[in-house]
Amino acid sequence: MGSFDNVQHDILLKCLAERIADQRLLKLIARFLKAGLMENGLFQHSDLGVPQGGICSPLLANIYLHQLDRYWWQKYGNLGRKDKERRRKAHQGNCALIRYADDWLLLTNGSKEEAYRLRDEVQSFLRDELKLELSVEKTHITHVNDGFDFLGYHVRRYVSGHDRPKLLVTPSRKAQERLKAKVKEMTARKRFRDEPLLKFSALNAVLRGWMNYYRHCNAKGTARDLDFWVNRRLFWWLRKRHRLPIRRILSRYKLRQEGQHYNCGIRKGEQTLFLYRMRDQPITKYRSRTHPHPYLTGAWGTTAEEAEAPMPDYVWRGNAENNQRWRLVKEEIMAERGARCERCGSTVNLDLHHIKARRYGGQDVKANAQLLCEPCHVHTTPYGDHKRLQ
């Protein structure tokens, strides 16, 4: 689809204006989009698209494609259970949209003709509303039993006559080939002068990061095969580097790890650095949360937990600021002790706290005063003591 290069500036600014009221910010974004770029010493105007690599470009492109989310939600996503059942009885499939940046997946439980109809419908929306062209050649329509790749994962349902259908999510073949290409590059012939210790550390970083990405899918079998391949590749590199027989390489680098199994390792002082084994990464089930989409359902409230002692919206000051003597004491304390809270160090919304309340005989003097911010003032012991009202 090439969304980054084909974003229409006027449509994007119109989408931003739905949530942003500050015209100065909108004009700043417009100037950012129209700033142009330098390529090979030549200036080029940027009348279309967002600059790839720009700090705001992913966010702006996501806002632009959010219109597709809204279109799907208004037509299919907010249907209730009864509406979905009526569509199924009418031989119309229901669909679900999954989008990550400009990669998206549309799932339907309808027929193959329904899948083609949805593709044409999305193509028409992108062309008419967002001025984007959907590449029909690159848009793959397939059955879940045949499997498909998405974001580096291969998703496929396996059906057998004597068991329930099983849905397996595994690392895609392209993702495995990219990892092998990276390891080959790190252990290439031109890298023979690298230090083995640094090579172990670099390989561990790559393997650990790759496996962490796939720790929530069915990756055990893939990890076992890749471990064997990486070990063989590393032993080949060590043999070429040292120019020693394979037995000498095995005796030097094949070590016992934790008294359980052999692994490729290297001495690091008194310790041993072992090659990271991807099969040792625990596979944990990803438990998706069922919170509603805040920008589709209109529920824009935060889900953050409330603090144990929340500060009230209105903090009673006891009319202390109306006391001329008290204001002078506050100015003197701020000049002597610094304009910051004496408990947390905050510099905003500062109050002057009576260590001994005036209702109990406290005086408006510096010895009886403490400079606190509003949250710390609220949590003091005398604050909110309403015994005098009883």
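The structure presented is a predicted model; accordingly, all values stated were derived computationally and were not measured.

A.B. asks: How should the overall build of the chain be read in this particular structure?
C.D. replies: Across its full length, the chain carries 12 helices and 12 strands. When burial is assessed residue by residue, the chain has 34% of its 390 residues classed as buried. Long-range pairs, those at least 24 residues apart, make up 57% of the contacts in the chain between residues at least 6 apart in sequence. Of the accessible surface of the chain, which amounts to about 26500 Å², a share of 50% is contributed by carbon and sulfur atoms.

A.B. asks: Explain the sheet that holds strand 6 (residues 153-160) here, please?
C.D. replies: Within a sheet, adjacent strands bond to each other through the backbone by hydrogen bonds, running parallel or antiparallel. Spatially, 5-6-7 is the arrangement adopted by the three strands of the open sheet, whose pairing is antiparallel. Looking at which strands have only one partner, the edges of the open sheet turn out to be strand 5 (148-150) and strand 7 (163-171). On average, each strand axis in the sheet is tilted by 25° relative to the strand beside it, whichever way the strands run.

A.B. asks: Explain a nonpolar patch on the surface to me, please; I cannot follow it from the model alone.
C.D. replies: The grouping of Tyr100, Leu151 and Tyr213 at the surface amounts to a nonpolar patch, some 320 Å² of accessible area in total. Relative to the helices and strands, leucine 151 resides in the loop between strand 5 and strand 6.

A.B. asks: Explain the sheet that holds strand 8 (residues 254-257) here, please?
C.D. replies: As summarised here, the arrangement of the three strands in space is 8-9-10, forming an open sheet in which the pairing is antiparallel. On the outer flanks of this sheet lie strand 8 and strand 10 (271-274), each paired with one strand and no other. Between one strand and the next, the sheet's axes are offset by a mean angle of 65°, whatever the strand orientation. As paired elements, strand 9 (residues 261-268) and strand 10 share four bridges and run antiparallel to each other. In the strand pairing of strand 10, arginine 267 is matched with threonine 272. Where helix 9 (residues 246-253) meets the sheet, its contacts fall on strand 8 and strand 9, and the angle it forms with strand 8 comes to roughly 25°.

A.B. asks: Explain helix 2 (residues 23-33) to me, please; I cannot follow it from the model alone.
C.D. replies: For helix 2, the set of buried residues is Leu26, Ile29 and Leu33. Buried residues along helix 2 cover an arc of 60° about the axis, so they all sit on one side. In helix 2, the exposed positions angled more than 90 degrees off the buried face are occupied by Arg24, Lys27 and Arg31. On the buried face of helix 2, the contacting elements are helix 1 (9-17) and helix 3 (57-77). At the N-terminal end of helix 2, a side-chain oxygen is found 3.0 Å from the backbone nitrogen of arginine 24, two or three residues along, and the residue is aspartate 22.

A.B. asks: For this particular structure, what's the right way to read the packing of helix 1 against helix 3?
C.D. replies: Each pair of packed helices gets described by two things: the angle between the helix axes and the distance between those axes. Contact geometry for helix 1 and helix 3: axes closest at 10 Å, N-to-C directions at 85°. For the element pair helix 1 / helix 3, the angle class is roughly perpendicular. Across the interface between the two elements, Ile11, Leu12, Cys15 and Leu16 from helix 1 touch Leu60, Ile63, Tyr64 and Gln67 from helix 3. Partitioned by chemical class, the residues of the contact of helix 1 with helix 3 number seven nonpolar, one polar and no charged.

A.B. asks: Explain unusual backbone geometry to me, please; I cannot follow it from the model alone.
C.D. replies: Of all residues except glycine, most have a negative phi; of all peptide bonds, most are trans. One non-glycine residue with positive phi stands out, namely histidine 91, at about 60°. Checked against the element boundaries, histidine 91 lands in the loop between helix 4 (81-89) and strand 3 (95-100). Assessed through its relative accessible area of 75%, histidine 91 is described here as exposed. Phi is positive for alanine 101, which is not a glycine, with a value near 60°. Its place among the elements puts alanine 101 in the loop between strand 3 and strand 4 (103-108). Judged by relative accessible area, alanine 101 falls into the partly exposed class, the value being 34%.

A.B. asks: Even after reading the chapter, I still don't get the environment of tryptophan 236, so can you show me in this structure?
C.D. replies: Among the secondary structure elements, tryptophan 236 is positioned in helix 8 (residues 220-242). Excluding residues within four positions of it along the chain, tryptophan 236 makes contact with Thr187 and Phe192.

A.B. asks: Looking at this model, I keep getting lost on the confidence of the model for the chain. Mind explaining?
C.D. replies: Fine structural detail should not be taken from predicted coordinates in areas where pLDDT scores are low. Per-residue confidence for the chain gives a mean pLDDT of 82, with 87% of residues at or over 70. Of all the helices and strands in the chain, helix 10 (residues 294-297) carries the lowest mean pLDDT, 63, while helix 6 (residues 173-186) carries the highest, 93. Of the regions scoring below 50 in pLDDT, residues 306-322 engages in 17 contacts with residues more than four places distant in sequence or in other chains. Below a pLDDT of 50 lies the segment residues 386-390, which in the model reaches three contacts outside its immediate sequence neighbourhood of four places, other chains included.

A.B. asks: Help me understand the nonpolar core, please; the structure alone is not making it clear to me.
C.D. replies: Side chains that are nonpolar tend, in soluble globular proteins, to be buried together. If you look at the biggest cluster of nonpolar residues, it comprises 31 residues, and the most contacted ones within it are Phe200 and Met278. Elements with a contribution of two residues or more to this core: helix 6, helix 7 (196-213), helix 8, helix 9 and strand 9. In terms of residue count, helix 8 provides more of this core than any other element does, eight residues in total. Discounting chain neighbours no more than four positions away, the residues touching methionine 278 are Leu179, Leu207, Trp210, Met211, Ala223, Leu226 and Asp227.

A.B. asks: How should I be thinking about the pairing of strand 6 in this particular structure?
C.D. replies: Taken together, the three bridges between strand 5 and strand 6 define a ladder with antiparallel strand orientation. Its bridge partner being in strand 6, aspartate 149 is matched across the sheet by histidine 154. Remark: two residues form the turn of the hairpin made by strand 5 and strand 6, two consecutive strands paired antiparallel; leucine 151 in that turn has positive phi of roughly 55°. Bridge count for strand 6 against strand 7 is seven bridges, and the pairing is antiparallel. Looking at strand 7, one finds that tyrosine 153 is bridged to proline 171. A loop of two residues connects strand 6 with strand 7, the two strands running antiparallel in sequence.

What counts as what
- Residues numbered from 1 in each chain as written.
- Predicted model: local features only at pLDDT ≥ 70, side-chain atom pairs only at ≥ 80, totals over all residues.
- Heavy atoms only, no water.
- Helix = DSSP H or I, 4+ residues; strand = E, 2+ residues; numbered from the N terminus.
- Buried < 20%, exposed > 50% of the residue type's maximum accessible area, 1.4 Å probe, protein only.
- Contact = heavy atoms within 4.5 Å.
- Areas by Shrake-Rupley, 256 points an atom, 1.4 Å probe, with all protein chains shown as cover.
- Pairing = 2+ DSSP bridges.
- Axes fitted to C-alpha atoms, helices over the stretch in contact; angles between N-to-C directions.
- Patch = residues over 30% accessible without salt bridge, like charges linked within 9 Å, V, L, I, M, F, W, Y side chains within 5 Å.
- Salt bridge = Lys/Arg side-chain N within 4 Å of Asp/Glu carboxyl O.
- Arc of directions from axis to C-beta.
- Polar contact = N/O pair within 3.5 Å; in protein donor to acceptor, adjacent residues only side chain to side chain.
- Parallel < 35°, antiparallel > 145°, perpendicular 65-115°, else oblique.
- Nonpolar A, V, L, I, M, F, W, Y, C, P; charged D, E, K, R; others polar.
- pLDDT = per-residue confidence, 0-100.
- Core = buried A, V, L, I, M, F, W, Y, C linked by side-chain atoms within 4.5 Å.

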